[in-house]
Amino acid sequence: MDLCDINQIRALLDRHGFHFSKALGQNFLIESWVPRDIADASGAGPGIGVLEIGPGIGPLTSELAQRADKVAAVELDKDLLPILAETLSAFPNVTVIPGDVMKLELSSLVAEQFPGLSPMVCANLPYNITTPVLTLLLESGLFSAITVMIQKEVAQRICAQPGGKDYGAFSILCQYYAHCELLFEVPRECFLPAPKVTSAVVKLTAQKPPACVHDKVFFFRVVRGAFGLRRKTLLNALSAAFPLDKEALRGCIEAAGLPPDIRGERLSIPQFAALADQISAAL
């Protein structure tokens with residue numbers, strides 16, 4: 001079965017009485033080059049175990065199964081389980097796990113599903129859970145790489161550099177844990193039903209946390225404070241986030257080697273790290 005052929009997809013869904021759920025952000029691929037190129041980009045191969053989130057009817061799952069030693073696909077929609085049992089019946093190295101990935105114990109799942117394998121993630125993520133899922137996956141520290149198709153504007157935020165309009169706290173979170181690459185775009189016409197936005201594929205390759213960050217929790221507190229009032233200067237934004245007067249905060253900003261009127265969106269990770277050290281000392 002061609003899981004990207006629109007006529008075969010419609011027949012499959014009709015046979016199982018399936019209806020798309022807007023609440024679950026379901027959009028199925030109808031261009032075979034997309035799952036093929038995503039699977040290729042992921043680096044899935046021998047010795048690899050792949051966690052997939054939201055397999056849908058399985059087009060990406062089947063591509064991954066032809067490359068990796070094991071694929072564990074987590075699916076929230078119970079109505080898709082009998083469809084996946086049919087479409088993935090030819091792949092004994094695939095396990096479909098019913099449930100919500102946000103509620104699963106990832107370390108236990110990885111240990112059970114991928115013994116002796118190097119775990120990575122590859123998925124066509126539902127747009128409405130992109131940020132919390134990526135945060136969970138990155139903070140878990142379990143995966144060598146995370147390759148996902150997401151909304152283009154979120155992909156741009158992930159890969160944005162200091163000074164750009166897309167750069168923010170989520171950019172810093174992703175870049176703290178991983179080297180982030182925007183690989184290619186996927187037009188809306190590649191889906192059934194077609195979403196209202198363009199998609200993009202990003203790859204987040206795990207890296208060691210920056211050595212310049214001495215207290216991760218406090219570092220991210222400073223980052224969140226800096227972007228809490230995005231249109232304000234860094235000084236005014238931090239004044240709302242920390243119990244220090246403006247003169248003390250101005251001293252911290254200058255001691256970190258930064259201009260007093262700078263905005264948070266212009267700071268790199270090393271600059272935020274230096275600032276966090278200064279504020280921590282002042283507190």
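It should be noted that the structure appears before, not after, this text.
Worth saying up front: this structure is predicted, and the values here are computed from it rather than measured.

Novice: Would you take a moment to explain helix α1 (residues 6-16) for this structure?
Specialist: Buried within α1 we find I9, L12 and L13. Within α1, the buried residues cover an arc of 95° as seen down the axis, which keeps them to one side. Of the residues in α1, the exposed ones pointing more than 90 degrees away from the buried face are N7, D14 and R15. Where α1 is buried, its residues meet β1 (28-29), α4 (81-87) and β8 (191-192). For α1, the N-terminal cap is D5; the gap from its side-chain oxygen to the backbone nitrogen of N7 is 3.0 Å. Just beyond α1, the residue with positive phi is G17, at close to 65°.

Novice: Please clarify how the side chain of T135 should be interpreted in this entry.
Specialist: You can see T135 is positioned in helix α6 (residues 130-140). On the accessibility criterion, T135 (18% relative accessible area) is buried. When sequence neighbours within four positions are dropped, the list of residues in contact with T135 reads F170 and L173.

Novice: Explain the packing of helix α9 (residues 216-228) against helix α12 (residues 269-282) to me, please; I cannot follow it from the model alone.
Specialist: Helix-helix packing: each pair is described by the crossing angle between the helix axes and the interaxial distance. At their nearest, the axes of α9 and α12 sit 9 Å apart, and the two run at 105° to each other. Taken together, the axis directions place α9 and α12 in an arrangement best described as roughly perpendicular. Counted together, F218, F219, V222, V223, A226 and F227 of α9 and I269, F272, A273, L275, A276, I279 and S280 of α12 form the full contact between these two elements. Residues of the contact of α9 with α12, tallied by class, amount to 12 nonpolar, one polar and no charged.

Novice: What is the right way to look at the environment of A123 in this model?
Specialist: Examined against the element boundaries, A123 turns out to sit in strand β5 (residues 118-124). Distance from A123 to P55, taken between C-alpha atoms, is 7.3 Å for residues 68 residues apart in sequence. If sequence neighbours within four positions are ignored, A123 has contacts with E52, I53, L60, T147, V148 and M149.

Novice: I keep staring at the pairing of strand β2 (residues 48-53) and nothing clicks. Help me out?
Specialist: Side chains on a regular strand alternate between the two faces of the sheet. Burial analysis of β2 places six of its six residues in the buried class, which makes it a mostly covered element. Neither face of β2 is left uncovered, since the one carrying I48, V50 and E52 and the one carrying G49, L51 and I53 both have all their residues buried. Bridge count between β2 and β5: four bridges; the pairing is parallel. Residue G49 lies in a different strand from β5, and its bridge partner there is P119. Taken together, the five bridges between β2 and strand β3 (residues 70-75) define a ladder with parallel strand orientation. Note on β3: the bridge partner recorded for I53 is V74. The parallel pair β2 and β3, bridged by helix α3 (residues 59-65), forms a crossover whose chirality is right-handed.

Novice: Just checking my understanding: could you explain the packing of helix α11 (residues 246-255) against α12 for this structure?
Specialist: Taken N-terminus to C-terminus, the directions of α11 and α12 make an angle of 145°; their axes are 8 Å apart at the nearest point. Crossing of α11 against α12: the hand is right-handed. Residues L249, C252, I253 and A255 of α11 form the contact with α12, whose participating residues are L275, Q278, I279 and A282. When grouped by side-chain class, the residues that make up the contact of α11 with α12 number seven nonpolar, one polar and no charged.

Novice: In this structure, what is going on with the pattern of salt bridges? I would like to understand it.
Specialist: It is possible for side chains bearing opposite charge to pair when their charged atoms get close. Under the definition given, this model contains seven salt bridges. Between E86 and R15 there is a salt bridge, with its nearest N and O atoms 2.5 Å apart. With E86 in helix α4 and R15 in helix α1, this pair connects stretches of sequence that are 71 residues apart. A single network of salt bridges, built from pairs that share partners, joins D40, E63 and R67.

Novice: In this structure, what is going on with the nonpolar core? I would like to understand it.
Specialist: Most often, soluble globular proteins keep nonpolar side chains buried together rather than apart. Formed by 64 residues in total, the largest nonpolar core has its most connected members in L51, I158, F219, L275 and I279. Element by element, the count of residues in this core is highest for α9, at seven residues. Every residue in contact with I158, bar those within four places of it in the chain, is listed here: L134, I150, F170, S171, C174, Q175, C180, V202 and L204. Core analysis: the second largest hydrophobic core is formed by 26 residues, V34, L64, V94 and M149 among them.

Novice: Teacher, can you tell me more about the side chain of Q151 here?
Specialist: You can see Q151 is positioned in strand β6 (residues 145-151). You can call Q151 buried: its relative accessible area is 17%.

Novice: When you look at the packing of aromatic side chains in this model, what are you seeing that I'm missing?
Specialist: Each pair of aromatic rings is reported with the distance of its centres and the angle of its planes. Counted under the stated rule, the structure contains 11 aromatic pairs. For the ring pair Y176 and F220, a centre distance of 5.1 Å and an interplane angle of 70° mean the geometry is edge-to-face. Here Y176, found in helix α8 (residues 169-177), pairs with F220, found in helix α9; they are 44 residues apart in sequence, far enough to count as distant. A single burial state applies to Y176 and to F220, both of which are buried. Among the aromatic residues, those joined into a ring-pair cluster are Y176, Y177, F219 and F220.

Parameters and conventions
- Residues numbered from 1 in each chain as written.
- Predicted model: local features only at pLDDT ≥ 70, side-chain atom pairs only at ≥ 80, totals over all residues.
- Heavy atoms only, no water.
- Buried < 20%, exposed > 50% of the residue type's maximum accessible area, 1.4 Å probe, protein only.
- Helix = DSSP H or I, 4+ residues; strand = E, 2+ residues; numbered from the N terminus.
- Arc of directions from axis to C-beta.
- Contact = heavy atoms within 4.5 Å.
- Polar contact = N/O pair within 3.5 Å; in protein donor to acceptor, adjacent residues only side chain to side chain.
- Axes fitted to C-alpha atoms, helices over the stretch in contact; angles between N-to-C directions.
- Parallel < 35°, antiparallel > 145°, perpendicular 65-115°, else oblique.
- Nonpolar A, V, L, I, M, F, W, Y, C, P; charged D, E, K, R; others polar.
- Pairing = 2+ DSSP bridges.
- Right-handed = clockwise from strand over helix to strand, strands pointing away.
- Left-handed = near helix turned anticlockwise from the far one by under 90°.
- Salt bridge = Lys/Arg side-chain N within 4 Å of Asp/Glu carboxyl O.
- Core = buried A, V, L, I, M, F, W, Y, C linked by side-chain atoms within 4.5 Å.
- Phe/Tyr/Trp six-rings, centres within 6.5 Å; stacked < 30°, edge-to-face > 60°.

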